[in-house]
Amino acid sequence: MPSRKFADGEVVMGRWPGSVLYYEVQVASYDDVAHLYTVKYKDGTELALKESDIRSLSSFKHRKSQSSSSSPSRRSSSRSRSRSRSPGRAARGRRRSSSQSREHKEDKKKTVQETSLVPLVLLFLFALPKPSENNTRSYKGEPESTERNDTSFISLEQKFKPDLDIERVLEQYNFRPRKEEKKREEIYSEKKIFETIKTIEKAPSKTKELEFGGRIGTFMLIFFLPATVLYLLLMCKQDDPSILNFPPPLPALESLWETRVFGLFLLWFALQALFYLLPIGKVVEGLPLSSGKKLQYRINGFYAFILTAAAIGSLLYFQLELHYLYDHFMQFAVSAAVFSMGLSIFLYIRSLKAPEEELAPSGNSGYLVYDFFIGHELNPRIGSFDLKYFCELRPGLIGWVVINLAMLLAEMKIHNLSMPSLSMILVNSFQLLYVVDALWNEEAVLTTMDITHDGFGFMLAFGDLVWVPFVYSLQAFYLVGHPTTISWPVAVAITILNCVGYYIFRSANSQKNNFRRNPADPKLAYLKFIPTATGKGLLVTGWWGFVRHPNYLGDIIMALAWSLPCGFSHILPYFYVIYFICLLVHREARDEHHCKQKYGLAWEKYCQRVPYRIFPYIY
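Given the structure is predicted, the values throughout are model-derived calculations rather than measurements. Residue numbers here run from 1 along each chain, matching the order of that chain's written sequence. It should be noted that, the model being predicted, local features are given only for residues of pLDDT at least 70 and side-chain atom pairs only at 80 or more, the latter also being counted only at that level, while totals for whole chains, interfaces and linings use all residues. As a rule here, side-chain values come from all non-hydrogen atoms in the structure, and water together with hydrogens is ignored.

## Things to note about the overall build of the chain
Heads up, the rule is: Secondary structure follows DSSP: runs of H or I at least 4 residues long count as helices, runs of E at least 2 residues long count as strands, and numbering of each begins at the N terminus. Note on classification: 1.4 Å probe, protein chains only; a residue is buried when its accessible area is under 20% of the maximum for its type, exposed when over 50%, partly exposed between these limits. In this analysis, two residues are considered to be in contact whenever any of their non-hydrogen atoms come within 4.5 Å of each other. In short, Shrake-Rupley with a 1.4 Å probe defines the accessible areas, and a residue's cover is counted only from the protein chains shown.
For the chain, the count of helices and strands is 21 helices and 11 strands. Here the chain, with 619 residues, has 44% of them falling under the buried criterion. Partitioning the contacts of the chain with sequence separation of at least 6, the portion at a separation of at least 24 is 72%. Taken as a whole, the chain presents about 33,900 Å² of accessible surface, with 61% of it coming from carbon and sulfur.

Listed below in structure tokens is the structure:
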């Protein structure tokens, strides 16, 4: 087995694929099987190069100094020859006109010779046999995640090789100076390479790494998620909602569907769409897409919430019984699930005609079920109406607050209370704060992976329209049938816990969003960061220097505070906490993988600086 020549971390000169140019790189690792070095360029690009494509920095500088030291001697000798060649200088003036005419004829003759040689050289070049595979440079041996980049650079070199070979052959038969031709070749080669690299970066790529168990896992989730919602709601209706009990029988299908309920759901969806289209609130630009384009979004979610509150208040003033929502809670959940399925089918069908650059990087696998679940199109729009952005915060999130209010009124009516229980007040207050905060900071959602990375398919449609309003309100729904009494000291302790979680959640998100928007803001001068090859920085102070995902830590603390008012008689109200931990751990693992691919060595330095992911000193 041949021994490696360059050590990890050593700074060397690496040849750029498809060119004769060498750039300063750092050796990252060495593959003993493929005998390839993984090197990192200054712009953050990582490639696998053969040892023959790498030169030590010292030898490269020595060779450059030799070439520069030899050129003056050649120029001096040529000058000495030019001085000593004319002993009869006095007679040169008489022969000047004749010599100029002869030189003009010779230059014309050279031009004719050079022009006549070009087609002969081209004919000779393309008549040559194709190079064998042993002579073709290969950049294989990378992990599967970087296989697309290797293929791109192989095709890149094959594309440039004929052009460079033509230039080299023409150079042998050209009468212009060698130095000028070399410079022209380098400029041409570098320009062509970077133009093609830009084209490759803009070209959409197929999704290779499948999440949620791939095609089989996503197929099962399409049925498992609605079944989970029905199971949780049926269990909350039981006198003994212990998860150890056998699940209750599924009600008759006709009892799960009511046309009037479905019509009310459509009316609710249309009302929120009307509020979304109102010309109130500022218009902002989202983050740049892969094509460089920035979409515009109207920020008026908080105004929609105020208008919804006014509408609900008017209905209550006219003595509309809002507990109708509690009595038909199961039918509303089924109606929302049916609507989300129909919306998902519509989204997938329209995505088949979407341009390639508008497809989601996570939902472009080529597998129907997987792309249907994840979402094939990144930002589906009908005119200026952004379907994903609308569903992210409007119908489901505001609907969550309306459902909680309906549960509070249902508790008062069923148990003949003059005022809601302390447990119900805490649950409603905590979750109302969370929703209002999301709507008040609506612009921050534009930097999340849901908007920038994930497509709009069944996963987000079902999550926004069914899971958020009907599972996140599980504590309030549970308290209607299973009232729990807590003391004031316990209520104060739970309130403090929720405030701590909210403070961590909001301050961490504010630090991240403000830094992403304007890293040069003087208000953020106290924050330190690790620069990356992408031009962005990784925060290593503040909350992001405490753990890698402090916003997830705040989320989990708040989720616990929402469940504690339900007591400890059953674990069912804590399903949300368990689910939230599993969800955030999955998201954290996805974020880790995404950031490692995006930031490379800078992310490794960040992980060494901030070792804990969500829970300090634990995980």
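## Structural notes on the side chain of S351
Locating S351 in the fold gives a position in helix α10 (residues 329-351). Residue classification places S351 among the buried positions, given a relative accessible area of 2%.

## Some points on the side chain of S365
Basically, it comes down to this: Polar contact is defined as a pair of N or O atoms within 3.5 Å, subject to the rule that within protein one atom must be able to donate a hydrogen and the other to accept it, and that residues adjacent in sequence are counted only when both atoms are side-chain atoms.
As for its placement among the helices and strands, S365 is situated in the loop between α10 and α11 (368-374). Reaching out from S365, the side chain makes a polar contact with the backbone nitrogen of Y367 at a distance of 3.2 Å. Separated by 2.8 Å, the side chains of S365 and D371 make a polar contact. Discounting residues that sit within four places of it in the chain, S365 has contacts with T207, L210, Y370 and D371.

## Describing the UniProt feature "transmembrane region" (unreviewed entry) in the chain
Heads up, the condition is: UniProt positions are given in the numbering used here, feature names are shortened, and annotations may be inferred rather than shown by experiment.
Under the feature "transmembrane region" (unreviewed entry), the UniProt entry names residues 212-234, 261-280, 301-320, 332-349, 460-480, 486-505, 526-547 and 567-586. What you have in residues 460-480 is 90% helix and 0% strand, and the ends, taken at the C-alpha atoms, are 29 Å apart. With 90% helix and 0% strand, residues 486-505 has end C-alpha atoms that lie 26 Å from one another.

## Focus: the sheet that holds strand β5 (residues 54-56)
Heads up, the rule is: Any two strands with at least two DSSP bridges between them are considered paired. To get an axis, fit a line to the C-alpha atoms, keeping to the stretch in contact for a helix; angles then go from 0 to 180 degrees between the N-to-C directions.
In spatial order, the strands read β4-β3-β2-β1-β5; together these five strands make up an open sheet with antiparallel pairing. In this open sheet, the two edge strands, each paired with only one partner strand, are β4 (46-49) and β5. Strand-to-strand twist across the sheet, computed as the mean angle between neighbouring axes with direction ignored, equals 45°. Bridge count for strand β1 (residues 11-15) against strand β2 (residues 22-31) is five bridges, and the pairing is antiparallel. From the neighbouring strand, V12 faces β2, where its bridge partner is V25.

## Considerations on helix α21 (residues 601-609)
Operational definition: Working note: the arc is built from the helix axis to C-beta atom directions.
Within α21 the residues assigned to the buried category are A602, W603, Y606 and C607. Down the axis of α21, the buried set is contained in an arc of 140°. They therefore lie on one face. Exposed residues on α21 whose side chains face more than 90 degrees from its buried face are K605 and Q608. Buried residues along α21 sit in contact with β10 (529-531), β11 (537-539) and α20 (575-599).

## Description of the nonpolar core
Stated formally: What is meant by a nonpolar core is a set of buried Ala, Val, Leu, Ile, Met, Phe, Trp, Tyr and Cys residues, joined one to another through side-chain atoms within 4.5 Å.
In this structure, M407, F470 and Y472 are the most contacted members of the largest nonpolar core, which totals 111 residues. In contact with F470, not counting residues within four places along its chain, are V229, L233, F329, F332, A333, A336, I403 and L465. Formed by 16 residues, the second largest nonpolar core is a distinct cluster that contains A508, W603, Y606 and V610.

## Notes on the pattern of salt bridges
Let me state the cut-off plainly: The salt bridge definition used is simple: a Lys or Arg side-chain nitrogen within 4 Å of an Asp or Glu carboxyl oxygen.
Scanning the model with the defined rule gives seven salt bridges in all. In this structure, R15 engages D53 in a salt bridge whose closest nitrogen and oxygen atoms are separated by 3.3 Å. Placement of the pair is R15 in strand β1 and D53 in the loop between β4 and β5, with a sequence separation of 38 residues. Linking R381 and D386 is a salt bridge whose minimum nitrogen-to-oxygen distance equals 2.9 Å. Classification of R381 by relative accessible area gives buried; the value is 18%.

## A few points about a nonpolar patch on the surface
Our working definition: Only residues whose relative accessible area exceeds 30% and that form no salt bridge are eligible for patches; like-charged ones are grouped when within 9 Å, while nonpolar side chains (Val, Leu, Ile, Met, Phe, Trp, Tyr) are grouped when within 5 Å.
A cluster of nonpolar side chains, I216, F219, M220 and F223, forms an exposed patch at the surface whose accessible area comes to about 480 Å². Relative to the helices and strands, M220 resides in helix α5 (residues 214-236). The exposed category is assigned to M220, whose relative accessible area is 54%.

## Description of the packing of aromatic side chains
Heads up, the rule is: Only Phe, Tyr and Trp rings are paired, with Trp represented by its six-membered ring, and only when their centres lie within 6.5 Å; those with planes under 30 degrees apart are stacked, over 60 edge-to-face, the remainder tilted. A ring has a charge above it when a Lys NZ or an Arg CZ is no more than 6 Å from the ring centre and no more than 35 degrees off the ring normal.
Considering all chains together, one arrives at 37 aromatic pairs under this definition. Here the aromatic rings of F219 and F223 are separated by 5.3 Å at their centres, their planes lie at 70°, and the arrangement is edge-to-face. With F219 and F223 both in helix α5 and four residues apart, this pair spans about one turn of that helix. The lysine or arginine in question, R215, covers the ring of Y367, its NZ or CZ lying 4.0 Å from the ring centre.

## With respect to the environment of A7
Structurally, A7 can be placed in the segment before β1. For the pair A7 and S29, spaced 22 residues apart in the sequence, the C-alpha separation amounts to 8.0 Å.

## Section: the pairing of strand β7 (residues 296-299)
The alternating pattern of β7 places Y297 and I299 on a buried face, while none of Q296 and R298, on the opposite face, is buried. As judged from the four bridges shared by strand β6 (residues 282-285) and β7, these two strands associate in the antiparallel manner. Note that in β7 the partner of V284 across the bridge is Y297.

## So, the confidence of the model for the chain
For the record, the criterion: Every residue is assigned a pLDDT by the predictor, reflecting its confidence on a scale from 0 to 100.
The predicted model of the chain has a mean per-residue pLDDT of 78, with 76% of residues at 70 or higher. Confidence over residues 107-167 falls short of pLDDT 50; this stretch has 72 contacts with residues more than four positions distant or in other chains. Of the regions scoring below 50 in pLDDT, residues 169-177 engages in 18 contacts with residues more than four places distant in sequence or in other chains.

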